[in-house]
Amino acid sequence: MSLPRVLSGIQPTSDSFHVGNHLGALKNWVEMQNTHECVYFIADMHAITVEQDPAQLRERTLSSYAQLLALGIDPKKSILIVQSQVPEHAQLMWIMSSITGIGEANRMTQFKDKAAKGGASSASVGLLTYPILQAADILLYQANAVPVGEDQRQHLELTRDLAIRFNGRFGNTFVVPEPFIVKATAKIQDLQDPSAKMSKSSPSGCINLLDPLKTTEKKIKSAVTDSDTEIRFDPANKAGVSNLLTILSAYSGIPINDLVTSFEGRMYGDLKKETAAAVLEFIEPYQGRVNELLGDKAELESLMHDGATRAREIAAKTVADVYSKIGFVS
Ligand code: TRP
């Protein structure tokens, strides 16, 4: 019996993944390898919907790939690819864009937000069709489930709509994927503003996994807490302390309740110290693995090509089926 297939992607738009990416999404990607057949990818084609420096994009793509391997994505178990190395993504995207309404694309709130940032008229067409490329990513592999954050829910709804529409018009072709909004994984907040989600746009509140150890230690030790002294888990009233407990629990493997008991009568400084120690204990060997992988570019590129070859075996079948159904000659 074959396992259900899962697919997810991440954009190569930073030099390093951060603790929010790791605990909020990527840790779950690693775990899902035990229960699903997984396809994961670096969404470099999505990244270029806003301006990217070519040399930086290439570096970040290689580094993101190495970071996913170092986190535990196992190329023997899963298919790990760079999106642009599998041309079927672009091929299917074109077909899907032809069955998407302009109004439908215009309604995507992430597009509206991103377009508003740069001034609506300067946004690229690619930014508008971004969710259609995302739908193609998913449908290409007949994925059953797509683990993503809440911010991607609307894109998944569009993917389902397009799959159902295509199947209805041309006959059963695509698996209609289930949204798999990951609630169980940790929500990680900004260290300096614990009311906001951790994000690279706020560097002092963001723990990058590839930052120097000293920097990370400093950031954790200067995390914002509150004027109270009690260490308890209460995200609504004690966002900073609760965030540190969440991070410490994730990296130490100790349940939050046990941590709270062990910190009874102790000070915030102790909590920060133990959190920093637990994070560093994870980060240090992780950085070693990333550096080792990046030190052998030939091997890294060979892993990418192997991944692309395996992905194309699945993707080419879908595209051939779609081409035939819509009336392209063979
Ligand atoms: N849009 C996703 C994000 O920014 C990345 C992505 C691209 C993706 N294609 C995907 C996620 C397909 C899941 C499935 O997080």
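Every value quoted in this text rests on a predicted model; they were computed, and no experiment measured them.

Caption draft 1: Spatial organisation of helix 1 (residues 19-32). For helix 1, which comprises 14 residues, the first-to-last C-alpha distance of 19 Å matches the rise-based estimate of 20 Å (1.5 Å per residue) to within 8%. For helix 1, the complete set of buried residues consists of V19, G20, H22, L23, L26, N28, W29 and M32.

Caption draft 2: Quick peek at the packing of aromatic side chains. Here the structure, examined in full by the defined rule, presents six aromatic pairs. Between Y251 and F282, the aromatic rings sit 5.2 Å apart at their centres with planes inclined by 40°, giving tilted as the arrangement. Here F282 lies in helix 12 (residues 268-294) and Y251 lies in helix 10 (residues 239-252), a separation of 31 residues in the sequence. Overall, F282 belongs to the partly exposed group, its relative accessible area being 22%. Taken together, the aromatic side chains of F166, F170 and F174 make up a single cluster linked through ring pairs.

Caption draft 3: The arrangement of the packing of helix 6 (residues 109-118) against helix 7 (residues 125-140) in detail. Interhelical geometry of helix 6 versus helix 7 gives an angle of 160° and a closest axis separation of 9 Å. With respect to each other, helix 6 and helix 7 are oriented roughly antiparallel. Remark: the crossing between helix 6 and helix 7 carries right-handed chirality. On the side of helix 6, the interface is formed by Q110, F111, K114 and A115, while helix 7 contributes L127, L128 and Y130. Grouping the constituent residues of the contact of helix 6 with helix 7 by class yields five nonpolar, one polar and one charged.

Caption draft 4: Region of interest: the pattern of salt bridges. All chains considered together, the criterion is met by 16 salt bridges. Residues R60 and D15 are paired through a salt bridge, measuring 2.8 Å at the closest nitrogen-oxygen approach. Pair noted here: R60 is in helix 3 (residues 54-71) and D15 is in the loop between strand 1 (5-10) and helix 1, with a separation of 45 residues, a long-range link. A salt bridge links E217 to K214, with the shortest nitrogen-to-oxygen separation between them at 3.6 Å. Pair noted here: E217 and K214 are both in helix 9 (residues 213-221), with a separation of three residues, about one helical turn. Residues participating in the shared-partner salt-bridge network are K214, E217 and K221.

Caption draft 5: Representation of the environment of K114 in the model. With respect to the element layout, K114 can be found in helix 6. C-alpha separation for the pair K114 and N291, spaced 177 residues apart in sequence, amounts to 33 Å. Setting aside chain neighbours within four positions, we find K114 in contact with Q11, L127 and Y130.

Caption draft 6: Just the domain arrangement of the chain, in detail. Along its sequence, the chain is carved into domain 1 (5-186 + 297-326) and domain 2 (203-291). When each unit is reduced to the centre of its C-alpha atoms, the spacing between domain 1 and domain 2 is 31 Å. Opposite the 14 residues of domain 1 that make contact, domain 2 presents 13 residues. Summing the contributions of domain 1 and of domain 2, the shared interface buries around 1,100 Å²; its carbon and sulfur component is 72%. Taken together, domain 1 and domain 2 are joined by zero salt bridges. Run the count over domain 1 and domain 2 and you get seven residue pairs in polar contact (both at pLDDT 80 or more). Taken together, the elements giving at least two residues each to the side of domain 1 that touches domain 2 come down to helix 1 and helix 3. Of all the elements, helix 3 adds the most residues to the side of domain 1 that touches domain 2, at five residues. Considering only residue class, the side of domain 1 that touches domain 2 consists of seven nonpolar, five polar and two charged.

What counts, and at which threshold
- Residues numbered from 1 in each chain as written.
- Predicted model: local features only at pLDDT ≥ 70, side-chain atom pairs only at ≥ 80, totals over all residues.
- Heavy atoms only, no water.
- Helix = DSSP H or I, 4+ residues; strand = E, 2+ residues; numbered from the N terminus.
- Expected span 1.5 Å × (residues − 1).
- Buried < 20%, exposed > 50% of the residue type's maximum accessible area, 1.4 Å probe, protein only.
- Phe/Tyr/Trp six-rings, centres within 6.5 Å; stacked < 30°, edge-to-face > 60°.
- Axes fitted to C-alpha atoms, helices over the stretch in contact; angles between N-to-C directions.
- Parallel < 35°, antiparallel > 145°, perpendicular 65-115°, else oblique.
- Left-handed = near helix turned anticlockwise from the far one by under 90°.
- Contact = heavy atoms within 4.5 Å.
- Nonpolar A, V, L, I, M, F, W, Y, C, P; charged D, E, K, R; others polar.
- Salt bridge = Lys/Arg side-chain N within 4 Å of Asp/Glu carboxyl O.
- Domains from an automatic or database assignment.
- Buried area = accessible area lost by both parts, 1.4 Å probe.
- Polar contact = N/O pair within 3.5 Å; in protein donor to acceptor, adjacent residues only side chain to side chain.

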